[in-house]
Amino acid sequence: MKKLSILYKVSFLVILAAFFFTACDPDPVLTDSPIVTLVDEAGFLSADATISGTEDFIVKLSGTKGSGEMNSLRITRDGSQLDGTEFSIDGIAISNNPQLLSDGDRTSFVYEISITPHSSGTAVYEFEVTASDNDSGSASIEITIDDVMPTLTLVGPTSITLENPSFIELNLVGTQGSAALSTISVFEDGALITDTERLACNDLSTKFTANPNNLEEADKDGFDKSFFIRSSNEVGTKVYTITITDENLAEASVEYTITLEDLATPFSNTYSNVRIYNNSGPQPGAIDLDSGTNVSSSDGSADIVDLGLDGNGDWQRAIG
């Protein structure tokens, strides 16, 4: 019986100790997080949306403090912090992200935030507010870019026939799609033209430096200007394809056809022992290939002509 009594006493002490240790644990401290919401109002995006991507999108963000005052606002795209140049708050350009909150904004705020969207696909934009007690609250929106293709328009005729190789001026209008325009390329019968001296923009003195050629900075949002192509020296028809490419690698093209005529007259006559004389001498200085006879160098039928004397009175010894 004595041993049993001791056992009871030990058990009682263990239970009592457990009670005291449990009773000494601190009660958990409950805090309220900042409340962050996207305001549903006309003119502002508040739910997942598909946009063209050619303009900034705007949200109205509301923040209300929880247990601690709000310290900062951080904006991310797919988890990566936006650069300060990619958004503005209430029409003011921002240099810092996270943006520190001050004065009354630490208690509550409503901001109109304009954001330059990504170029293609889908991305999640998150607006996270961190409080002085290290608690945080956030709101997010998923933005999908509806890819818009660039366009290229040729103003005027789509073909020309030439008697001699020459530069052709084309009036082209390029329109931006979802992304800024980047390059322009010119193909001849499906192959890139490698001789950039045959290609120019604005005027004939501004030759391409490469093909594809980078567009001027002012033309990346769209252009309406002249481009020049020098035709091939080969007789016949060539198809020229002009293609613009944007930063998303989307393309738009137009075609232009140039035909170079053959001006030569078929000739099959054969002559022997027909002489050509000095232009300035007493004998005729030219040959008519139609008849095979000697004619004066001033005769309209002259096909091969001795070029006569030079400026010093010496015979040039040259045929034209």
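Below you will find a few notes about this structure. Each residue is numbered by its place in its chain's sequence as written, counting from 1. The model is predicted, so local features are restricted to residues of pLDDT at least 70 and side-chain atom pairs to those at 80 or more, both for listing and for counting; the totals for chains, interfaces and linings are taken over all residues. Derived side-chain values reflect all non-hydrogen atoms in the structure, with water molecules and hydrogen atoms excluded from consideration.

### Looking at the packing of aromatic side chains
Item 1. Pairing of aromatic rings covers Phe, Tyr and the six-membered ring of Trp, with a centre-to-centre limit of 6.5 Å; geometry is then stacked below 30 degrees between planes, edge-to-face above 60, and tilted otherwise. Under the definition given, this model contains three aromatic pairs.
Item 2. Geometrically, the ring pair formed by Phe57 and Tyr125 is edge-to-face, given 5.1 Å between the ring centres and 75 degrees between the ring planes. Of the two residues, Phe57 is situated in strand 3 (residues 57-64) and Tyr125 in strand 10 (residues 121-131); the sequence distance between them amounts to 68 residues.
Item 3. On the basis of relative accessibility, which here comes to 0%, the residue Tyr125 falls in the buried class.
Item 4. On the numbers, 5.6 Å between centres and 65 degrees between planes, the contact of Phe223 with Phe227 is edge-to-face. As far as burial versus exposure is concerned, Phe223 and Phe227 are alike and both buried. In this text, helices come from DSSP runs of H or I with a minimum length of four residues, and strands from runs of E with a minimum of two, each type numbered from the N-terminal end. A 1.4 Å probe rolled over the protein chains alone gives each residue an accessible area, and that area as a share of the maximum for its type sets the label: buried under 20%, exposed over 50%, partly exposed in between.

### Points about the pairing of strand 4 (residues 70-77)
Item 1. Among the eight residues that make up strand 4, six are buried, leaving the element largely enclosed by the rest of the structure.
Item 2. Strands were regarded as paired on the criterion that DSSP finds at least two bridges between them. In terms of strand pairing, strand 4 meets strand 10 through seven bridges, oriented antiparallel. By the bridge assignment for strand 10, Arg74 is matched with Glu128.
Item 3. As paired strands, strand 4 and strand 8 (residues 99-100) are joined by two bridges and run antiparallel to one another. In the strand pairing of strand 8, Ser72 is matched with Leu100.
Item 4. Bridge count between strand 4 and strand 5 (residues 80-81): two bridges; the pairing is antiparallel. Each bridged residue has a counterpart across the sheet, and for Thr76 the counterpart in strand 5 is Gln81.
Item 5. Here strand 4 folds back onto strand 5, and the loop between the two strands holds two residues, one of which, Asp78, carries a positive phi near 50 degrees.

### Some thoughts on the sheet that holds strand 24 (residues 304-305)
Item 1. Across the sheet, which stays open at both edges, the three strands sit in the order 23-22-24 with antiparallel pairing between neighbours. The sheet is open, and its two edges are formed by strand 23 (293-295) and strand 24, each paired on a single side.
Item 2. The sheet contact formed by strand 22 (residues 286-288) and strand 23 spans three bridges and is antiparallel. The residue of strand 23 that forms the bridge with Asp288 is Thr293.

### Overview of the pattern of salt bridges
Item 1. Note on definitions: salt bridges are taken to be side-chain nitrogens of Lys or Arg within 4 Å of carboxyl oxygens of Asp or Glu. A complete count under the given rule lists eleven salt bridges for this structure.
Item 2. For Lys60, the salt bridge is made with Glu41, and the minimal N-O distance between the two is 3.1 Å. In this pair, Lys60 sits in strand 3 while Glu41 sits in the loop between strand 1 (35-38) and strand 2 (49-51), placing the two residues 19 residues apart along the sequence.

### Comments concerning the side chain of Ser232
Item 1. Looking at the secondary structure, you find Ser232 in the loop between strand 19 (222-230) and strand 20 (236-246).
Item 2. From its side chain, Ser232 meets the backbone nitrogen of Glu234 in a polar contact 3.0 Å long.
Item 3. The contact definition used throughout considers only heavy atoms, calling two residues in contact when any of these lie within 4.5 Å. Setting aside residues up to four positions removed in sequence, Ser232 forms contacts with Pro165, Glu188, Arg198, Lys238, Tyr240 and Leu260. Two N or O atoms form a polar contact when they lie within 3.5 Å of each other; inside protein one atom must be a possible hydrogen donor and the other a possible acceptor, and for residues adjacent in sequence the pair counts only when both atoms belong to side chains.

These figures come from the coordinates and say nothing about function on their own.
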